[in-house]
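Secondary and tertiary structure notes
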Amino acid sequence: AGEWRYRSCDMSRAVYLCGFMGCGKTTVGRVLADLLGTAYADMDAYIEKSEKMSIPQIFSDKGEGYFRDAETRAVEEMGKNGGVIACGGGAMLREKNADLAAKNGVVVYIDTPYDICWERIKDDANRPIVAVNTKESLWELYEKRKALYTAHSAFRADGTGSPSQIAAQIAEFIKK
């Protein structure tokens, strides 16, 4: 089962899914949107459309800082539409983003063990951070981010189940 966190939010609006790369935000997000009968959106796809370039292109041409600023804009803009939003792995690392998300809805952390995430991301060329890091350095990043995901979320979902099981945990929390 999931775990409650201290951060209170208005749950009648957007549901922001956060967690490390490969934790299941996209897959769980689609299932959760169906369960809740609401819209689904992927933040990285939204940024790519807004910027008219791929995430690797943004990192290469404009840098990670520019991309992180685009995430901040996306957190605010997307939240106005409500629904379930699958955030990029770094979107909820900034306090400002977490505050904007809490203002527009609720942040849910999908806590998936590193080994599961690694198996899902290790060969993904569309993840610039994976391309420039080793398995060990990504584990260090995972450990560092875990505390921030926890601090910036209202609910921690156990990411070890199936997408349907994880979505059901989150839906139960949202409906309370």
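Computed from a prediction, not measured in an experiment: that's the story for all the values here.

**Quick notes on the environment of K62**
With respect to the secondary-structure elements, K62 resides in helix α3 (residues 55-62). In this structure, the C-alpha to C-alpha distance between K62 and D158, residues 96 residues apart in sequence, is 35 Å. Ignoring anything within four residues of it in the chain, the contact list for K62 reads E51, M53 and Q57.

**Thoughts on the confidence of the model for the protein**
Chain-level statistics for the protein give a pLDDT mean of 90 and a share of 93% at 70 or above. Considering only residues more than four positions removed or in separate chains, one finds that residues 1-11, a stretch of pLDDT under 50, has 40 contacts.

**Remarks on the nonpolar core**
One finds Y16, L17, F20, M43, M92, L138 and I170 to be the most contacted residues of the largest nonpolar core, which totals 53 residues. At 6 residues, helix α9 (residues 163-175) tops the list of elements feeding residues into this core. Not counting the four nearest positions on each side in its chain, I170 is found in contact with L17, V28, L32, V108, I110, F155 and A157.

**Brief notes about the pairing of strand β5 (residues 105-111)**
Where burial is concerned, most of β5 is hidden: 7 out of the 7 residues are buried. Pairing analysis gives 5 bridges linking strand β2 (residues 14-18) to β5, with the strands arranged parallel. Paired with A14 across the bridge in β5 is G105. Summarising the sheet, β5 and strand β6 (residues 155-158) pair through 4 bridges and their orientation is parallel.

**Looking at helix α1 (residues 25-36)**
Taking 1.5 Å per residue, 12 residues should reach 16 Å; α1 reaches 15 Å between its end C-alpha atoms and fits that length. Considering only its buried residues, α1 is in contact with β2, β3 (40-42), β4 (84-86), β5 and α9. At the C-terminal side of α1, G37 shows a positive phi close to 65°.

**Points about the pattern of salt bridges**
For the structure shown, the criterion picks out 10 salt bridges. The residue K146 makes a salt bridge to D111 at a minimum N-O spacing of 3.7 Å. You can see K146 sitting in helix α8 (residues 135-151) and its partner D111 sitting in strand β5, a full 35 residues away along the chain. The salt bridge involving E119 is made with K122; its shortest N-O contact spans 3.0 Å.

**Description of the packing of aromatic side chains**
The full count for this structure, using the stated rule, is 7 aromatic pairs. On the numbers, 6.5 Å between centres and 25° between planes, the contact of Y114 with W118 is stacked. Within this pair, Y114 and its partner W118 are both found in helix α6 (residues 114-121), separated by 4 residues, close to a single helical turn. The exposure classification of Y114 matches that of W118, with both residues buried. An aromatic cluster is defined as three or more aromatic residues linked by ring pairs; in this entry it consists of F20, Y114, W118 and Y142. The ring of Y66 has R73 lying over it, and the distance from NZ or CZ to the ring centre is 5.7 Å.

**Some thoughts on the side chain of R145**
Within the secondary structure, R145 sits in helix α8. Setting aside anything within four residues of it in sequence, one finds R145 in contact with F20, R68, G89, G90, L93 and I129.

Reading the values: rules and limits
Residues numbered from 1 in each chain as written. Predicted model: local features only at pLDDT ≥ 70, side-chain atom pairs only at ≥ 80, totals over all residues. Heavy atoms only, no water. Helix = DSSP H or I, 4+ residues; strand = E, 2+ residues; numbered from the N terminus. Contact = heavy atoms within 4.5 Å. pLDDT = per-residue confidence, 0-100. Core = buried A, V, L, I, M, F, W, Y, C linked by side-chain atoms within 4.5 Å. Buried < 20%, exposed > 50% of the residue type's maximum accessible area, 1.4 Å probe, protein only. Pairing = 2+ DSSP bridges. Expected span 1.5 Å × (residues − 1). Salt bridge = Lys/Arg side-chain N within 4 Å of Asp/Glu carboxyl O. Phe/Tyr/Trp six-rings, centres within 6.5 Å; stacked < 30°, edge-to-face > 60°. Lys NZ or Arg CZ within 6 Å of the ring centre and 35° of its normal.

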